[in-house]
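Here is what each chain is made of, one letter per residue.
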Amino acid sequence: SQELCGAVEQGNAVLQKDKEAVEQKIQEVVKEKELLQKNLEEEKKPPNYEELSYQMLPSLPERKLVFKGLTTDKEDTNKLMLTPLIRYPLLGGSALITFEKAEVAQRVIEMKEHTVELSHGEDLEEFDRCRMRVQAGPVDVLLPSALEIRLTQSSRSILVSGLPSLSIPEDILLDKLELFFSKTKNGGGEVESRKFLDDCGHVVLTFVQDGVAEQLMARGHVQVPLGKIKYELKISPYMSGDVTDLQLQPSRCARTVLLSGIPDVLAEEPMRDALEIHFQKDSRGGGEVVGLGYVPAGRRAVAVFKEDVGWP
């Protein structure tokens, strides 16, 4: 009887222990399921591009910036901003004149032909006066309305930025950089080509073997001796862009007028003064002139148009 009771108690103890082990295992499985479910939900979330852009910042070339007082909306930060810079050919015997107000330019264009006084003086007789006739017309240019660019990252090229302003020729600087980055102890390899980017002051190095550029970009910064001083230079991916689609649309300059048919009867400066005096007068249909470019007969020029932000 006593032995039987002991066996029962022992059996109950074993069952209780097994029960606790099973419950603990169930809790572990439940926690693991909850963790997997959470990871799955995180993967389904759309990527946070703003956070990704901040993560990419360390790989970009460093530049010194200064705030100029202009702010923009947050939703505009990922847009590509284009600044028009139009080159317009000008033949000899023509001029471009820009007025303060668009309605003045429109009025001058509608009049088409203008008689410009070349000899000024209140006491001149009618037969002593000298005049010329010029034609006024609109200025039409082509502006991009749609643009697509394909960006490609080179697998064997790097962008070296943070270069100091040294009084040495560009070729010598490129030689020093090629010598440093061609050595395997510096993490480099044989350099295939090197190029100095004039618009930003950075250098593009292209290596013969694959993998060299990737290793250098992973480091981010390197100490490069230039002369007697070591400078910390930044290593970034080199991106190149190709225009895959460009659509243009005609646009008319609101405040600028093209004057043509100007005879070669005065020197350049007196002719410019005569044109500005004539088109400055309200009585001749003109108004305030803010810019005038004149090309004498027998010569050619190129006018550069920028975005019209008004006057002044």
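Computed from a predicted structure; not experimentally measured.

A.B. asks: Give a description of the pattern of salt bridges that names residues and reports values.
C.D. replies: Should the charged atoms of two oppositely charged side chains come close, the side chains can pair. Taken as a whole and judged by the stated rule, the model has ten salt bridges. Put simply, Arg-252 and Asp-140 hold a salt bridge, and the shortest N to O gap is 2.8 Å. Residue Arg-252 is found in strand β9 (residues 229–252), and its partner Asp-140 is found in strand β5 (residues 140–161); the two are separated by 112 residues along the sequence. We classify Asp-140 as partly exposed; its relative accessible area is 40%. Members of the salt-bridge network, linked through shared partners, are Arg-156, Glu-192 and Asp-210.

A.B. asks: Any chance you could break down the nonpolar core for me, citing the residues and the numbers?
C.D. replies: The biggest cluster of nonpolar side chains holds 22 residues, and the ones touching the most others in it are Phe-99, Val-257, Leu-259, Ile-262, Leu-275 and Phe-279. Mapped onto this core, the elements with two or more residues apiece are β2 (94–99), α3 (102–111), β4 (131–137), β10 (256–260), α6 (268–280) and β11 (289–295). When sequence neighbours within four positions are dropped, the list of residues in contact with Phe-99 reads Val-104, Ala-105, Val-108, Arg-255, Val-257, Phe-279, Gly-287, Glu-288, Val-289 and Val-290. Counting residues in hydrophobic clusters, the runner-up holds 21 residues, among them Leu-163, Leu-173, Leu-174 and Leu-205.

A.B. asks: Residues and numbers for α3, please.
C.D. replies: Within α3, the full set of buried residues consists of Val-104, Ala-105, Val-108 and Ile-109. Buried residues of α3, viewed axially, fall in a sector of 135°; they line one side. Backbone geometry just after α3 places Lys-112 at a positive phi near 65°.

Quick notes on the rules
- Residues numbered from 1 in each chain as written.
- Predicted model: local features only at pLDDT ≥ 70, side-chain atom pairs only at ≥ 80, totals over all residues.
- Heavy atoms only, no water.
- Salt bridge = Lys/Arg side-chain N within 4 Å of Asp/Glu carboxyl O.
- Helix = DSSP H or I, 4+ residues; strand = E, 2+ residues; numbered from the N terminus.
- Buried < 20%, exposed > 50% of the residue type's maximum accessible area, 1.4 Å probe, protein only.
- Core = buried A, V, L, I, M, F, W, Y, C linked by side-chain atoms within 4.5 Å.
- Contact = heavy atoms within 4.5 Å.
- Arc of directions from axis to C-beta.

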